[in-house]
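Examining the three-dimensional arrangement
Listed below, chain by chain, are the residues.
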Amino acid sequence: MTAVHCVTPTTPEDASEVMRAAAATATNVRPRGAGTKFGWGRPIDEPNLEISTARLDRIIEHNEGDLTAVLEAGVPLQRAQEAFARAGQMLTLDPPLGDNDAATIGGIVATADQGPLRHRYGACRDLLLGVTVVLPDGTLARSGGKVIKNVAGYDLAKLYAGSFGTLGLIVEVIVRLQPQPVKQLTLMCETDDAESFPRAPLLLSHAALEMDCLDVGWRDGTGTLMALFRGAFPEGRAQAAARLLEPTGMTVTTTEGVAPWAEQRARQRASEGAVVRVSGRATDLFTVIECAQRTGATLVGRAGLGISWLSLPASEPNTLISAIEEMRSELSPRACVLLDAPEEVRAGVDVWGREHDEGALALMRRVKSRFDPAGLCSPGRFLGGI
Amino acid sequence: MRHLIRELEAICGRERVVTHAHALRTFESDGLLHYKGTPLAAALPDSAEEVQALVRVCHDARIPWVARGSGTGLSGGAVPVDDGILIVLSRMRRIIEIDLENQRIVVEPGVTNAEVGRAVGPGHFYPPDPSSQIICSIGGNVAENSGGAHCFKYGFTTNYVTGLEVVLSNGEMATLGGKELDGPGYDLIGVFVGSEGTLGIATKITLRVVPTPETTRTLVAYFDGTDSAGRTVSDIVAGGIIPAAIEMMDSLSMQACEEATHAGYPPEAGAALVIELDGPEAECAPLFEDVIAICEASHATGMRIAQDEAERALIWKTRKAAFAAMGRITPNYYVQDGVVPRTRLPEALRRIDELSEEYGLKVANVFHAGDGNLHPLICYDASHGGEPERAEELAGLIVAMCVELGGSITGEHGVGVDKKRYLSKMFSEDDLDAFHRVRCAFDPGGLANPTKVMPTPRLCGEVPGPYRRHPLERAGLAERF
Ligand SMILES: Cc1cc2nc3c(=O)[nH]c(=O)nc-3n(C[C@H](O)[C@H](O)[C@H](O)COP(=O)(O)OP(=O)(O)OC[C@H]3O[C@@H](n4cnc5c(N)ncnc54)[C@H](O)[C@@H]3O)c2cc1C
């Protein structure tokens, strides 16, 4: 394996120059943010060149009155949040941030990572107003804009959100912000009744409670339901939610602290073992918990959205691989994407799964070849060998 | 030509292929009447399979086609391409599945926006609510990424589409997403929504719906001018309140609405804000008091608080009737659609006033103030020589001003044919080149709504070289950086 050469451009134009030169010499390129999610996607050969966003780290604009911000891709999300907080604002994006809260906005967008706030505010794609990217041939292109409503041109921000570095480098994003809540209250309850637990979140998601988050957890035979209420007057809504949960017999507690959410976020990642993200429906929770129990996994999930992370404890690669295969066959046709896992495991299964719509996959390949005809940007990392 | 028509008829049946010049006039324009086109034929398919077969025939014969929903678009997007085929989706009106447990509804593209709302009510609702919702189709909403008054809080069509079945211009079908979220792969739904019929035809659409809010509170506040109304909008939002809707009307549009609906607007008011909050009672009631206090502090000259559903409906009817009501104060008008950052609203309105004065044409403003989405209605009289041209010129200057203030040439009506020439005010050649790549990935032959969106026609060409997974790595090159 050759050592990766890393360049750290300081401006988008610089980044474009680097990419242009790489393309001219058919050099294989991988974008790098803080590197907290390098282990995601199919394992690929080390590239010849890494383009790091470490010095593309300016908060270019924070338009307080308009509740928008322009960030270079290398800005750590945590730092941006601190800046927004000084104006009583926030970006409603709360994925796990990795060691030292290092995760950059660019890396988060490129992997479409998320946290509990996804429940109300949507994914990266929904928070982006615009994006500037360096295409694999060095072209510097922009889409969207700084206003919250805009339908001019194609929406490349959505294409690049979750593109895993296979379409070039994200250099700048424009995001919509929200005012910080005056108060917040978390409602929590627990049960060991695997039979009735999966219906509990539906009682809440079907009520007009305007929850910011609605998460579940399942570990060691115990299910936890947690809902976050934020705003000027969250108490009334939390009480209404508690009343809705009465028939379940669960004991409901409320807390003003945010520690349970940090824990919930952290459980989407694992430094050992393996994490599989399941895209299901809200009514699938029972099936997904059953599968977790059978394969010895713990679960965290966005209950209202049907998205779950199943986390397998550390084990031999082969044991992990067969547990993942078992999950997939039990949960098919729900997409089961392998995230954190040892390299041998990621090499031993297709991390993206095998069941993709033929038409959609063909289209994705055509997108890749139009943007990266020579296949220079993170080739092979994405699904279908893209 | 005859042969082609026969092929279309073999797919849809003779009665659903329109070829008579007279009958084709129904389809010559969309909601923007001054653009017209005459297709070879209009076909009205009944199913995704028929759409697919029609598109295949066009592909084999290299004939361009245009999809059409209800034809309410306001940028000429559904105007037929001369000598192409128009594929009219209004017969595909089945609601395929209502899955309220999972908060999804699956529909065919011709279903109207209002029908979706009815199908999931009263417990749920579908937030994007264009004023044209009684007629416009979900397929059209998807193509235009339509919004409405309630999008400030709830977002746009793109935030609600979770699945699409699309027919591509080569006749292939692709299923993107479904009821589930965050499946692996590129977010092609995100790219398709808002692509104005240039990437394919949506034949099946899965939408997310949300619980109906417990309460809704609505008021109209009057101000002496748009400046103070505009500042009030900023104050409300800065105060951390996220209203379901904030709409502004200036005195001219109020006057028109008043004549149409007799809603009781005070004639001396210079501007009005329609403000609606919705949500749980416990949150909504006290915040509504805050909004009232902010309006008072901003010197509202009067306020009308809806006391019941009937009064609320009247307030909205009046607001949504604004476009239609313009007919009462001007023989002709042109609706512009542009966006500025919310904090630039007062400045933008002042500049529109100046332009109106300079051109001697009245401009009424009625718009989504929370989003900064302006809808200046430029009044003119087509029987006065030169006025239509002057109105168009004025409209163009307003769009240019929006871009200059950091905004957009269109917030919801799309680029279509009408705004192609402005697209390069907002985007560089390189940006357009990136857009073009998207288009070429979906429609390399350039058959899908070819004359729309991009300012100048471009060909796709072949992808240079084959698709390569593991390109040659050449050692030593990295040293050059
Ligand atoms: C009085 C009035 C008020 C309006 N108010 C609003 C408003 O508040 N907000 C707003 O956003 N818009 C508004 N509009 C604009 C218009 O109603 C929307 O753009 C609407 O979404 C168009 O839907 P349609 O079915 O009429 O589409 P059409 O006009 O038939 O088509 C629009 C575009 O969509 C494409 N298309 C249609 N169906 C499909 C399909 N199935 N697959 C792919 N492409 C397709 C067409 O090719 C065309 O480019 C208004 C229009 C009018 C006349």
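Remember, predicted model here, so these are calculated numbers, not experimental data.

Quick word on the domain arrangement of chain B
Split into domains, chain B comes out as domain 1 (2–88), domain 2 (95–211), domain 3 (215–324), domain 4 (332–365 + 372–416) and domain 5 (422–474). Here the C-alpha centroids of domain 1 of chain B and domain 3 of chain B sit 42 Å apart.

A look at the interface of chain B and chain A
Of the residues lining the interface, 105 residues belong to chain B; the matching set on chain A comes to 97 residues. For the pair chain B and chain A, the two sides together bury roughly 8,300 Å², of which 57% comes from carbon and sulfur. At the surface where chain B touches chain A, the tally comes to eleven salt bridges. A salt bridge links Arg237 of chain A to Glu283 of chain B; its shortest N-O distance comes to 2.8 Å. Taken together, the elements giving at least two residues each to the side of chain B that touches chain A come down to helix H6 (151–154), strand E9 (173–177), helix H7 (188–192), strand E14 (271–279), helix H10 (281–297), helix H15 (420–426) and helix H16 (429–442) of chain B. The element that contributes the greatest number of residues to the side of chain B that touches chain A is H16 of chain B, accounting for eleven residues. Grouping the constituent residues of the side of chain B that touches chain A by class yields 49 nonpolar, 29 polar and 27 charged.

A short note on unusual backbone geometry
Outside of glycine, negative phi angles account for most residues, and trans bonds account for most peptide bonds. Here Ser332 of chain A and Pro333 of chain A are connected by a cis peptide whose omega angle stands at 10°. Tracing the chain through its elements places Pro333 of chain A in the loop between helix H11 (317–331) and strand E18 (335–338). Between Gly121 of chain B and the following residue, Pro122 of chain B, the backbone shows a cis peptide bond with an omega angle of -5°. One can find Pro122 of chain B in the loop between helix H4 (113–120) and strand E7 (124–125). Unlike most non-glycine residues, Ser378 of chain A shows phi in positive territory, near 45°. Since its relative accessible area comes to 2%, Ser378 of chain A is described here as buried. Despite not being glycine, Glu196 of chain B has its phi angle at roughly 55°, a positive value. Judged by its relative accessible area of 5%, Glu196 of chain B falls in the buried class.

Here is what the cut-offs are and how they apply
- Residues numbered from 1 in each chain as written.
- Chains lettered and ligands numbered in written order.
- Predicted model: local features only at pLDDT ≥ 70, side-chain atom pairs only at ≥ 80, totals over all residues.
- Heavy atoms only, no water.
- Domains from an automatic or database assignment.
- Contact = heavy atoms within 4.5 Å.
- Buried area = accessible area lost by both parts, 1.4 Å probe.
- Salt bridge = Lys/Arg side-chain N within 4 Å of Asp/Glu carboxyl O.
- Helix = DSSP H or I, 4+ residues; strand = E, 2+ residues; numbered from the N terminus.
- Nonpolar A, V, L, I, M, F, W, Y, C, P; charged D, E, K, R; others polar.
- Buried < 20%, exposed > 50% of the residue type's maximum accessible area, 1.4 Å probe, protein only.

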